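The primary structure of each chain is shown beneath.
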Amino acid sequence: MTTGGQQASSFFVVEPSPLCPHLHDCTLISPSALADVLSRRRPIPPNVAENGPGTGTGAETGAGTEGESDDTGAKWGLECGACGSCAESWVCLHCGQVGCSRYVGGHMQQHLGEAGHLLCASFADLSIWCNHPGCLCYVRHEILYPLLSELEKAKFGKPATRKAQLYPKYCTGIMYDTRLEMHHHPEGRCLYESPERTVAIYHRLLGSGMLTRCRGFQAREATRNELCLVHSAEYVDTILGATDIPPPFQRKDLYWVPETPLCAKLACGALLELVKNVIIGNIQNGFALIRPPGHHARINSTSGFCFFNNIAVAAACTLQGRFDSKPRRVLILDFDVHHGDGTQEIFYNEPSALFISIHRLGYAKDMLFGENPDIAMCEKVGGPNALGKNVNIPLPWSETGFSDADYLAIMDRLVIPISREFSPDVVLVSAGFDSGKGDPVGGAGFSPASKFGITPQCFSHIVHLMKLVSGGRVILSLEGGYEPQVASTSAEACLSALLGEQPPPTLPPLIPNPETIALIAQVTAAHRPYWRSL
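Computed from a predicted model, the values in this text were never measured in an experiment.

Definitions and limits used
- Residues numbered from 1 in each chain as written.
- Predicted model: local features only at pLDDT ≥ 70, side-chain atom pairs only at ≥ 80, totals over all residues.
- Heavy atoms only, no water.
- Helix = DSSP H or I, 4+ residues; strand = E, 2+ residues; numbered from the N terminus.
- Expected span 1.5 Å × (residues − 1).
- Buried < 20%, exposed > 50% of the residue type's maximum accessible area, 1.4 Å probe, protein only.
- Core = buried A, V, L, I, M, F, W, Y, C linked by side-chain atoms within 4.5 Å.
- Contact = heavy atoms within 4.5 Å.
- pLDDT = per-residue confidence, 0-100.
- Pairing = 2+ DSSP bridges.
- Axes fitted to C-alpha atoms, helices over the stretch in contact; angles between N-to-C directions.
- Phe/Tyr/Trp six-rings, centres within 6.5 Å; stacked < 30°, edge-to-face > 60°.
- Lys NZ or Arg CZ within 6 Å of the ring centre and 35° of its normal.

Attention now goes to the environment of alanine 82. Mapped onto the secondary structure, alanine 82 falls in the loop between strand S2 (76-77) and strand S3 (89-92). Sequence separation of alanine 82 and methionine 108 is 26 residues, and the distance between their C-alpha atoms is 9.1 Å.

Take helix H8 (residues 260-279) next. Taking 1.5 Å per residue, 20 residues should reach 28 Å; H8 reaches 29 Å between its end C-alpha atoms and fits that length. Extensive coverage of H8 is indicated by the burial of 18 of its 20 residues. At the exit of H8 stands glycine 281, carrying a positive phi of roughly 95°.

Attention shifts here to the nonpolar core. Counting 59 residues, the largest nonpolar core has Phe287, Ile393, Phe433 and Met466 as its most contacted members. Filtering out sequence-adjacent residues up to four positions away, phenylalanine 433 remains in contact with Phe287, Phe335, Asp439, Phe459, Leu478, Gly480, Gly481, Val486, Ala487, Ser490, Ala491 and Cys494. Listed in part, the 50 residues of the second largest apolar core include Ala264, Ala314, Val330 and Ile346.

Here the protein chain averages 84 in pLDDT, and 82% of its residues register 70 or above. Note that residues 162-169 has pLDDT below 50 and, in this model, 16 contacts with residues that lie over four places away or in other chains. Residue range residues 363-368 is modelled with pLDDT below 50. Its contacts to residues more than four positions away, or to other chains, number 15 contacts.

Okay, the sheet that holds strand S10 (residues 285-288) next. Neighbouring strands of a sheet are bound in pairs by backbone hydrogen bonds; such pairs are parallel or else antiparallel. Reading across the sheet, the eight strands line up as S9-S8-S10-S15-S14-S11-S12-S13 and stay open at both edges, with parallel pairing between neighbours. Both outer strands of the open sheet, strand S9 (215-216) and strand S13 (390-395), are each paired with one neighbouring strand and no more. Running at roughly 160° to S10, helix H13 (residues 484-498) makes contact with strand S8 (172-175), S10 and strand S15 (474-478) of the sheet.

Our next topic: the packing of aromatic side chains. Tallied over the entire structure, the rule returns nine aromatic pairs. Each ring, one from tryptophan 256 and one from phenylalanine 307, has its centre 5.6 Å from the other, and the planes form 80°; the classification is edge-to-face. Separated by 51 residues along the polypeptide, tryptophan 256 in the loop between helix H7 (233-241) and H8 and phenylalanine 307 in the loop between S10 and helix H9 (310-319) bring together distant segments of the chain. The residues tryptophan 256 and phenylalanine 307 share a single accessibility class, namely buried. Between phenylalanine 433 and phenylalanine 459, the aromatic rings sit 5.2 Å apart at their centres with planes inclined by 90°, giving edge-to-face as the arrangement. Here phenylalanine 433, found in the loop between strand S14 (426-431) and helix H12 (456-468), pairs with phenylalanine 459, found in helix H12; they are 26 residues apart in sequence, far enough to count as distant. Three or more aromatic residues link up through ring pairs in this structure, and these residues are Phe287, Phe335, Phe433 and Phe459. A cation sits over an aromatic face here: lysine 155 above phenylalanine 123, 5.0 Å from the ring centre. A cation over an aromatic ring shows up here: arginine 329 above the ring of phenylalanine 422, its NZ or CZ 4.1 Å from the ring centre.

And the structure:
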């Protein structure tokens, strides 16, 4: 039985977040400059508490919560630059200013507000906090390692030796970078592909507490060499060198701001970084909350809000062994409501890549961004060197719509048998949540629109099943999904499956509609010559 004090202590334990979206929005102090600030530490009188309420737990560093001693037994603190007090010492990680208390009325709080700085560290328990009003979280991220080491050396005489074990319990990576929000419609008129998509998903995951169970990574820009693995050099140079949308690519489903080329490189590079960490074994799976999307970008052209084919570049790097010098077999599953025409074009004749697309046909030609709707049909089975490696599963128009029953039947009869026989080393998922129930694009043409689409529970089952065919190595990359609530709940369900939570144990009685049964037979007939499992 625990005491009241023990209960209170456990109640106030704060989990560090591996993903603070503001880390990339600010310039941090250099480790050497921070070391100079910390060299001015001095002993704390025995009757002075070293920290106040609400700091981190100190569990990750071994630090206590009051008057911690170093190897000599001395208790150390830093003088507040405003009042000289050593009680509750905080250090600004942007300029090195020392202040007492980051809470209302404290000098650190005053400094952060006046200077517009965000990150500060407690010298008491070495917790690092973001002071952004929309965040206010306890942060632990690899970017902060060098500064954390200086804090540890000043406090304990040496840095902690647990860097490699910082995330022992995390098997799922997450990628989100606020810089991607710079890509937006110049007049704010885009109703669909907007920054609100990823912002809504991020805040849903943050509020659910799931992000504290994930490992965050720093996004980088994809290199020209990486982009040219799937796009022509001329096309890459045209996009990267443009200040406005190039005339050949002017179309209603694209918009451009000066930051668009940077965001396109960052989105692709962020996914590459996540896939690399899965390949080399730092994490088992991951989710890239990135935009602009990519699966419509072809070798020489843009389409459907896409500039660079993020998932295709990641697959090409994996196929060539660019992450660990070991070429690997890649399965790409695309459950966006639109056909992944760009990804199909790039890998149509690649025998080591299996592309499976579940998409909707019918109602309107804009359900396909390609010029030729025939490319999305099930008869397109792959090039001469890759017969059977291109699996199109086009959902036809149906008065009854499509639901979980239809998608799960397709998974059971087509996707899983083919995937297991292919035996991929890694699965990349073009996660388009416009196939979710209630999305205005996926449900277009139906009355009510909810007659088309799958539930978050179904998304969870799909991700869980794909983990079973790849030893858990699954990476999701955001594509479509244009209703924030639908996209957020769907992404949350997918992340829960990546984290190892079992999908709902029971679903309502599921009976696919006749059109789906006919479609399964049609796709089976087209691919039976190439897959023994069908």
